[in-house]
Every structure is written in structure tokens, then in C-alpha cells.
Amino acid sequence: MYAKIQTLLELQEIDRQLYTLERAKGDLPHTLEELKRKLTEVTSAYDQKVAHLANAGQQRRAAENAISMAKERKKKYETQLYAVKTNREYDAVTLEIENTDKEIDQSETKVLQALEVEENLKQELAQHEEQIKALQQERDQQEELLNQLLEQNRHQVDQLKSARQSLTTGFNLGLLRSYERILRGKDGLAVVKVVRGSCGGCSTRITSQRAMEIREMREIYYCESCGRILIWPEEEPVLA
Ligand SMILES: [Zn+2]
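The rules behind the values
- Residues numbered from 1 in each chain as written.
- Predicted model: local features only at pLDDT ≥ 70, side-chain atom pairs only at ≥ 80, totals over all residues.
- Heavy atoms only, no water.
- 1 Å grid on protein atoms, 1.4 Å probe; cavity = no way out; pocket = protein on both sides within 12 Å on 5 of 7 lines; lining within 4 Å.
- Points joined across faces, edges and corners; volume = space filled by probe spheres on them.
- Helix = DSSP H or I, 4+ residues; strand = E, 2+ residues; numbered from the N terminus.
- Nonpolar A, V, L, I, M, F, W, Y, C, P; charged D, E, K, R; others polar.
- Donors = N, O, S within 2.8 Å, 3.2 Å for Na, K, Ca; no water.
- Tetrahedral: all angles 85-135°; square planar, octahedral: opposite > 155°, others 65-115°.
- Buried < 20%, exposed > 50% of the residue type's maximum accessible area, 1.4 Å probe, protein only.

Another aspect to go through is the layout of surface pockets. Space inside the largest pocket adds up to approximately 410 Å³. Lining the largest pocket we find 19 residues, and of these Asp 15, Leu 18, Tyr 19, Leu 21 and Glu 22 sit closest to its centre. Sort the elements by how many residues they give to the lining of the largest pocket and helix H3 (residues 87-168) lands first, with seven residues. When its residues are assigned to classes, the lining of the largest pocket shows seven nonpolar, two polar and ten charged. Considered as a void within the structure, the second largest pocket measures approximately 180 Å³ in volume. Taken together, Tyr 2, Ile 5, Gln 6, Leu 9, Lys 193, Met 217, Ile 231, Trp 232, Pro 233 and Glu 234 make up the lining of the second largest pocket. Tallying contributions element by element places helix H1 (residues 2-24) first for the lining of the second largest pocket, with four residues.

Set out below in C-alpha cells:
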């Protein structure tokens, strides 16, 4: 049992170092995620506007086509006007010319509207492009910082992980799981010493009967209050 507790203590030291290295990353991973999310959002808005712009362009060209066709028709009517023989024919051709003028007018309004939409979209797209460029730059910077940090710590992390691997290989799986569960729940401190007759983790008093049992180390003892694994340090005086 003593050997197992020693292993747990060594494991806890390794885990403490791994935890410190993990924390050294600080907000970087989170910031990076946020930047990537924002970038996806802006890029998708950009793509939508590009499609919208293409659509407005198509509508404008259709209206421009309609105008040239209407102008052609108008010319024909105007030629016909010279050849009319009756007032009725004259009125009919004049009406056609008027209708064609209305059509040209409507199409011109459509062209102007489409131009305005296109102009606005182009401005918005330019803004998005700036935004995307800035976001990409920041993402690259943060990514580089994180990679530098990972690269810097990689050797140490690898060593710690391999040390952890050799300690846990063949180790009592139930005890290991229980240790890891306490470690997660108790801020990286799963194994604590008995200090002046109390739990070194939560300071809860330990009965002298239990203290004696812990000292004998026949099995693993957990603090009744915080659930941490208790060990008896050499420097702790033996209770009468
Ligand atoms: Zn405790």
C-alpha cells in the first residue's frame, strides 16, 4: 500500500506540472476559437452579399436590355407614323409610342435602383474585406503564439506524459480512476498529508482511531469531509 501511495504522490506531482503547462496557454485557445468563429460568420455574410450583388447586376442588365429593345420599337413606330393614312391609325401608333416611353421610363427606374443596390453592396463588401483581413491577421498572430508555446513546452509535456504512462501502467485501475476523479474535483490536489491531526486539504479533524489506521497504511483512506486521499507524513508526531 505504501508503494501505491508513493506512486500516487509522484503522479500528483506530474499532473501538477502538466496542469501548470496547460494553464500557461491562458486565454489563447479560447481567443483563437472566438476569432475563427467570427471569421466564419463574416465570411458567410460576405459570400451572401457577393451573391446578392450578382443578382442585382443581372436585374440591371435585364432592364438595360429592355430599354434598348423598347427604343428600337419606338423608332419603328416613329417611322410608321409618317406612313399613316387615317386619324385612327395615327392615334393607335401614337398610343404605342406613349406606352413604349412608359416602359422605357419604368426600366430606367429599375436600372437606377439596381445601381444603388450594387453601390451599397460594393461598399459593404469592401468593409467586410477589411474586417476579414484584420481577423485573419489576428488569428494568424494568436495561432503563432499558441504554436510557439506548444513547441516550447512540447518536450516537457512529452516527458511528463511518458513518465505518467510508466507510473500508471499496471497500476490499480480503480484507485487510479478514483485519484483522477478527486484531482479534477479538487483543483489538482487529490493526495494530502495529515497535518497536526487534521486533513491537509480541508483541515477537518481526524479521529485518533482513524489517524492510527492511516499511519499503518493498510489501505487507502479518504478524508470523510473532502474525499481526498490521506497520507501520514514522516514528520507528523505519532498520537498517543
Ligand atoms: Zn479533507
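Take the coordination of the zinc ion next. Four donors placed tetrahedrally about a metal ideally form angles of 109.5 degrees, and six donors placed octahedrally ideally form angles of 90 or 180 degrees. Summarising the metal site, the zinc ion is bound by the protein donors Cys 199 (SG), Cys 202 (SG), Cys 223 (SG) and Cys 226 (SG), whose distances to it range over 2.3 Å. Coordination at the zinc ion is tetrahedral, judged from the four donor atoms that bind it and the angles of 105 to 112 degrees they form at the metal. Sequence positions of the donors to the zinc ion reduce to the motif C-x2-C-x20-C-x2-C. Taken together, the positions of Cys 202 in the loop between strand S2 (198-199) and helix H5 (208-216) and Cys 226 in the loop between strand S3 (221-222) and strand S4 (229-231) put the pair 24 residues apart, joining distant regions of the chain. Among the residues examined, Cys 226 registers a relative accessible area of 12% and is labelled buried.

By themselves these figures say nothing about function.
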